[in-house]
Amino acid sequence: MNWTIKNLCLLLLVFTGAFPVLAKSDLDRAVWTEMNLARTNPALYADLLDRRRAHYQGKTFHPPGATFGLKSREGVVAVDEAAAALRRQRPLSPLAWNDGLATAARELARRQSHNGGLGHGSGTMEMRVRIERYGRWQETIGENIAYGPDQGREVVLQLLIDDDVPGRGHRENILAEAFRTVGVGCATHPQFETVCVIDFAGGFTALPPEKQSSGRK
């Protein structure tokens, strides 16, 4: 059996008040729902991306009805590339929600909500240690982090576009057949409004609550 760790982080910068704010528990589930929609119906998400490109002026995306713009590095080039990739993508099984992975994701989201941190901490090993505090993973684990968007669809669209990310690793995580279960944790962020941590695994068996140990000091 191959045991692998995929460790990927996305920094999404948006302006204050960019999107209507959901309660973070609602946002957790909205991100999960939208990831599964992208997996089970990639052609639909390709159509969403095609419609999105009409709202670019140069490399700045102007959300419909908004009075601000969101700067990108690649502009519609990345949007078109994502749409083409999704049209080639065959439908996949949805990701099962896992409370243990969600708890691991929320630990990092809440920590960064308090300290304004970014990324996975010290990297791959810290992600693994954090996830293993709550259970035992099978085959593979991975993590995406998004900063800024506070709508589930917007989080997933930007992760799929993966602007200025070599290899489009966040998109690969969302569309990885090896991942079969996921947990999402979102919280407010002092610098970027919202942080959403998404933890994936091939499988995950949660530890009993009395054997779990949070990383909070």
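Now for a description of the structure that goes with this document. Remember, predicted model here, so these are calculated numbers, not experimental data. Position numbers for residues count from 1 along each chain, tracking the sequence in the order it is written. Whole-chain, interface and lining totals are the exception, using all residues; otherwise, since this is a predicted model, local features are given only for residues with pLDDT of at least 70 and side-chain atom pairs are given and counted only at 80 or more. Computation of side-chain values: all heavy atoms of the structure, hydrogens and water removed.

Attention shifts here to the overall build of the chain. Numbering of helices and strands runs from the N terminus, with a helix taken as a DSSP run of H or I at least four residues long and a strand as a DSSP run of E at least two residues long. When helices and strands are counted, the chain shows 7 helices and 8 strands. Sorting the 217 residues of the chain into buried and exposed places 51% on the buried side. In the chain, the proportion of contacts linking residues at least 24 apart, taken out of those at least 6 apart, comes to 78%. Roughly 10100 Å² of accessible area belongs to the chain as shown, and the carbon and sulfur atoms make up 52% of that amount. Each residue is placed in one exposure class: buried if its accessible area under a 1.4 Å probe, protein chains only, is under 20% of its type's maximum, exposed if it is over 50%, and partly exposed if it falls in between. We call two residues contacting when some pair of their heavy atoms lies within 4.5 Å. Areas reported as accessible are Shrake-Rupley estimates using a 1.4 Å probe. Residue values count occlusion only from the protein chains shown.

Now for helix 2 (residues 42–52). When helix 2 is considered as a whole, its buried residues turn out to be Pro-42, Tyr-45, Ala-46, Leu-48, Leu-49 and Arg-52. Down the axis of helix 2, the buried set is contained in an arc of 160°. They therefore lie on one face. Throughout, the arc means that of the directions going from the helix axis to the C-beta atoms.

Once that is clear, we can look at the state of the cysteines. The disulfide criterion is simple: two cysteine sulfur atoms within 2.5 Å. Applying the stated criterion across every chain yields a total of 1 disulfide. There is a disulfide in this structure between Cys-186 and Cys-196, and the S-S distance comes to 2.2 Å. Taking the sign of the torsion about the S-S bond as the criterion, the disulfide between Cys-186 and Cys-196, at about 110°, is right-handed. With a gap of 10 residues between them, Cys-186 in strand 7 (residues 181–189) and Cys-196 in strand 8 (residues 193–206) connect regions that are remote in the sequence. Accessibility assignment for this pair places Cys-186 and Cys-196 in one class, buried.

Turning our eyes to something else, we now look at the pairing of strand 6 (residues 135–147). Across the 13 residues of strand 6, 10 count as buried, placing the element largely inside the fold. Where strand 6 lies against strand 8, 11 bridges are found, and the strand directions are antiparallel. Residue pairing in the sheet places Ile-141 in a bridge with Ala-201 of strand 8. Strand pairing is assigned whenever DSSP identifies at least 2 bridges connecting the two strands.

Along the chain, Leu-118 falls in the loop between helix 4 (99–115) and helix 5 (124–132). In this structure Leu-118 comes out as partly exposed when scored by relative accessible area, which is 41%. Between the alpha carbons of Leu-118 and Gln-191 there is a distance of 9.8 Å; along the sequence they are 73 residues apart.

Moving on to the pairing of strand 8. Counting buried residues in strand 8 gives 11 out of 14 residues, a clear majority hidden from the surface. As judged from the 9 bridges shared by strand 7 and strand 8, these two strands associate in the antiparallel manner. Within the sheet, the bridge partner assigned to Val-184 lies in strand 8 and is Ile-198. Connecting strand 7 to the antiparallel partner strand 8 that follows it, the hairpin turn spans 3 residues.

Once that is clear, we can look at the side chain of Arg-168. Among the secondary structure elements, Arg-168 is positioned in the loop between helix 6 (152–161) and helix 7 (169–174). Taking the relative accessible area as the measure of exposure, Arg-168 reaches 14% and is therefore buried. Contact partners of Arg-168, with chain neighbours within four places excluded, come to Glu-74, Ala-78, Glu-81, Ile-161, Asp-162 and Asp-163.

Ranked by internal contacts, the top residues of the largest apolar core, which has 38 residues, are Val-31 and Met-35. Secondary structure elements with two or more residues in this core: helix 1 (24–40), helix 2, helix 3 (76–88), helix 6, strand 7 and strand 8. No other element matches the 6 residues that helix 6 contributes to this core. Setting aside anything within four residues of it in sequence, one finds Met-35 in contact with Leu-95, Val-156, Ile-174, Val-182, Val-184, Ile-198 and Phe-200. Here, the term nonpolar core denotes a set of buried Ala, Val, Leu, Ile, Met, Phe, Trp, Tyr and Cys residues that are joined through side-chain atoms within 4.5 Å.

Okay, the pattern of salt bridges next. Each salt bridge in this description consists of a side-chain nitrogen of Lys or Arg and a carboxyl oxygen of Asp or Glu lying within 4 Å of one another. According to the stated counting rule, one finds 18 salt bridges in the structure shown. Between Glu-81 and Arg-171 there is a salt bridge whose closest N-O contact spans 2.6 Å. Taken as a pair, Glu-81 in helix 3 and Arg-171 in helix 7 lie far apart in primary sequence, 90 residues in all. A salt bridge links Arg-111 to Glu-107, with the shortest nitrogen-to-oxygen separation between them at 2.9 Å. Separated by 4 residues within a single helix, Arg-111 and Glu-107 lie in helix 4, roughly one turn from each other. By relative accessible area, Glu-107 is classed as buried at 8%. If you follow the salt bridges from partner to partner, you end up with Glu-74, Glu-81, Arg-168 and Arg-171 in one network.

Note that every value here comes from positions in space, so none of it alone points to a role or purpose.
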